[in-house]
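Residues per chain, in single letters:
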Amino acid sequence: MPNHNNGDAKNLIQVAFPQQANVVFFTAIILGFVLIGLPTIFRVYFTLNGTQSNLVLCIGAALVLAAFGGQATVRTGSVIMAGVAAVAVGLFIYLQTISDSLFLKGTIYSFDYARYAALDMNQNHRVLGRIVQNDNNLKRSRYEFVLFKEEIDSEIIEVSLTRRDSKTEQLLSVQVGDIEWAFGDHRRLEWELREVADGQEKILTLFERFRKKEIASEKRVGAQRETTNRMVFAWIRPAFAQQVPEAIDVALMLKRLTSDDTVTRRDARDALAKAPIESVPRIMQAFREQFGDYQVKLGICVALTQMLRADKKRAPDIASLLTEEDVIRLIDAAGDLDRTVRVYATEFLFDLGDRRATRLAINRAAATSDDNARYNWLLVAQAAWFTLKDDEKRALADALAQAKQQSGTKTKALFDKLKLP
């Protein structure tokens, strides 16, 4: 009968956790956990290099498992090592598969780094990205970004470009519906910045290479304005649909409009757009006093426009809070030399439908030599034209005739809605 000496037998715990582990065991354990932690610690790098991230993580896990398995007997250890290899390979395949549905990488081509100092992508939170400079041709640089599915919390992603020469901004808005198709489809987003003609001007657009379609452009004055799709996609975080308004520190947000950081300025604009309409006089005071500051002028025009986009029924209440001087300054902005300021101010005034703006805009349209500004002012004038009395319309007849005489073909079409009695 065999003599079983239970005192010499090792249980599973003793095999896995030896009492006299050698330096190789501890080295493998430490190195394994370091490799597992790298994709988390250096998230920015590994996010844009997903395959490397998965490989590093799997190698780290394999080292840890192998360290424990290597302490077993030769026969048992060979089985464990084979299992470790299978687990590492299986884990790598799994991570590569789910990565396609968890995040999406993309590139914006034809980024002119000689013209633009910065490009930022934002939703309610900033989108992770970086500029890749082309040293041989700065105009052919690109912007690489990554979108995490669980972090998409808005229906619009704003692309903001800051010009080097004037520090002015150009804004484009991408609907989430134009990116959701690519998740889980093993695809990248490949966009290209293009300039297209818009009357006498050129506007910036984003062209999607795969589906061969324009997905975003700078605002076109007079074109149908974009509407937000109120259907919340199932995969957008519920927090987006259930946000609770917070108290807005208007003074602080106005101060942040002059920040050197693009994201800070953008967040300040968004916050002012959500401020109660009782804050409009304070906002317009800053608009009047700091009208010469481009960032303040642009920020307030964007905020006011977004305020009315959210609820156009508030237009009469907001108009009642504006002084004559406020309306004059807004008319100035609608004819601004900067296109972005001009189109946002025009949209706000059009949606406002203020009778004062109609009269002021027509007189400006008659006096200017800039047909772009004239077009914007006549568009503003249309909004409340029907509310004017016949004698008020007739009083503007000379100004309308003078404006029409100087107008280009595109601008003359606006007079169809400015008929005299």
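Residues numbered from 1 in each chain as written. Predicted model: local features only at pLDDT ≥ 70, side-chain atom pairs only at ≥ 80, totals over all residues. Heavy atoms only, no water.

Chemist: Sorry, what's going on with the sheet that holds strand E8 (residues 201-208) here?
Modeler: Strand pairing in a sheet relies on backbone hydrogen bonds, with the paired strands running either antiparallel or parallel. Spatial strand order, E3-E4-E1-E7-E8-E9: 6 strands in an open sheet with mixed pairing. Two strands lie at the open edges of the sheet, namely strand E3 (128-132) and strand E9 (213-217), each paired on one side alone. Averaged over all pairs of adjacent strands, the angle between their axes in this sheet comes to 30 degrees, without regard to strand direction. In terms of strand pairing, strand E1 (residues 103-111) meets strand E7 (residues 189-198) through 4 bridges, oriented parallel. Within E7, the position partnered with Gly106 by the bridge is Leu189. (Pairing = 2+ DSSP bridges. Helix = DSSP H or I, 4+ residues; strand = E, 2+ residues; numbered from the N terminus. Axes fitted to C-alpha atoms, helices over the stretch in contact; angles between N-to-C directions.)

Chemist: Looking at this structure, I do not really get the sheet that holds strand E6 (residues 169-175). What am I missing?
Modeler: Spatially, E2-E5-E6 is the arrangement adopted by the 3 strands of the open sheet, whose pairing is antiparallel. The open sheet has two edge strands with one neighbour each: strand E2 (116-122) and E6. Looking at each pair of strands side by side, their axes are set apart by 15 degrees on average, direction ignored. Pairing analysis gives 7 bridges linking strand E5 (residues 156-163) to E6, with the strands arranged antiparallel. Counted as the bridge partner of Thr162 is Glu169 from E6. Contacting E2, E5 and E6, helix H8 (residues 262-273) crosses the sheet at an angle of about 130 degrees to E5. (Contact = heavy atoms within 4.5 Å.)

Chemist: What should I look at first to understand the side chain of Asp354 in this one?
Modeler: Checked against the element boundaries, Asp354 lands in the loop between helix H13 (339-352) and helix H14 (355-367). A distance of 2.7 Å separates a polar side-chain atom of Asp354 from the backbone nitrogen of Arg356. Ignoring anything within four residues of it in the chain, the contact list for Asp354 reads Ala319 and Ala384. (Polar contact = N/O pair within 3.5 Å; in protein donor to acceptor, adjacent residues only side chain to side chain.)

Chemist: Whenever I open this one, the packing of aromatic side chains confuses me. Can you help?
Modeler: Aromatic ring pairs are reported here in terms of the distance separating the ring centres and the angle at which the planes meet. Under the definition given, this model contains 5 aromatic pairs. With a centroid separation of 6.2 Å and 20 degrees between ring planes, the pair formed by Phe111 and Tyr116 is classed as stacked. This pair shows no difference in class: Phe111 is buried, exactly as Tyr116 is. Relative to Trp191, the ring of Phe145 has its centre 5.3 Å away and its plane inclined at 35 degrees; by these criteria the two rings are tilted. Of this pair, Phe145 sits in strand E4 (residues 141-148) while Trp191 sits in strand E7, placing them 46 residues apart in sequence. A relative accessible area of 1% places Phe145 in the buried class. Aromatic rings pair up to connect Phe111, Tyr113 and Tyr116 into one cluster. Stacked on the ring of Tyr113, the Lys or Arg Arg164 has its end atom at 4.5 Å from the ring centre. The ring of Tyr375 carries Lys410 above its face, with NZ or CZ at 4.8 Å from the centroid. (Phe/Tyr/Trp six-rings, centres within 6.5 Å; stacked < 30°, edge-to-face > 60°. Buried < 20%, exposed > 50% of the residue type's maximum accessible area, 1.4 Å probe, protein only. Lys NZ or Arg CZ within 6 Å of the ring centre and 35° of its normal.)

Chemist: Where do I start with the nonpolar core in this structure?
Modeler: Soluble, globular proteins show a tendency: their nonpolar side chains are buried together. One finds Ile300 and Leu349 to be the most contacted residues of the largest nonpolar core, which totals 64 residues. Considering each element in turn, this core owes the most residues, 10 residues, to helix H10 (residues 294-310). Dropping the residues within four chain positions of it, Leu349 is found in contact with Leu330, Ile331, Ala334, Ala357, Val380 and Ala383. Membership of the second largest hydrophobic core comes to 29 residues, among which are Met121, Val174, Val176 and Phe183. (Core = buried A, V, L, I, M, F, W, Y, C linked by side-chain atoms within 4.5 Å.)

Chemist: What should I look at first to understand the environment of Asp351 in this one?
Modeler: The residue Asp351 is located in helix H13 in this model. Taking relative accessible area as the criterion, Asp351 reaches 12% and is therefore assigned buried. Each C-alpha atom, one on Asp351 and one on Lys312, is 7.0 Å from the other, the two residues being 39 residues apart in sequence.

Chemist: So what exactly am I meant to see when it comes to the pattern of salt bridges here?
Modeler: Note that side chains of opposite charge can pair when their charged atoms are close. Going through the model one piece at a time under the given rule, you end up with 24 salt bridges. Linking Arg269 and Glu158 is a salt bridge whose minimum nitrogen-to-oxygen distance equals 3.5 Å. In this pair, Arg269 sits in helix H8 while Glu158 sits in strand E5, placing the two residues 111 residues apart along the sequence. A relative accessible area of 9% places Glu158 in the buried class. Salt-bridge contacts for Arg359 lead to Glu392; the nearest nitrogen and oxygen are separated by 3.7 Å. Residue Arg359 is found in helix H14, and its partner Glu392 is found in helix H16 (residues 390-395); the two are separated by 33 residues along the sequence. When salt bridges that share partners are traced, they join Glu158, Glu169, Arg265 and Arg269 into one network. (Salt bridge = Lys/Arg side-chain N within 4 Å of Asp/Glu carboxyl O.)

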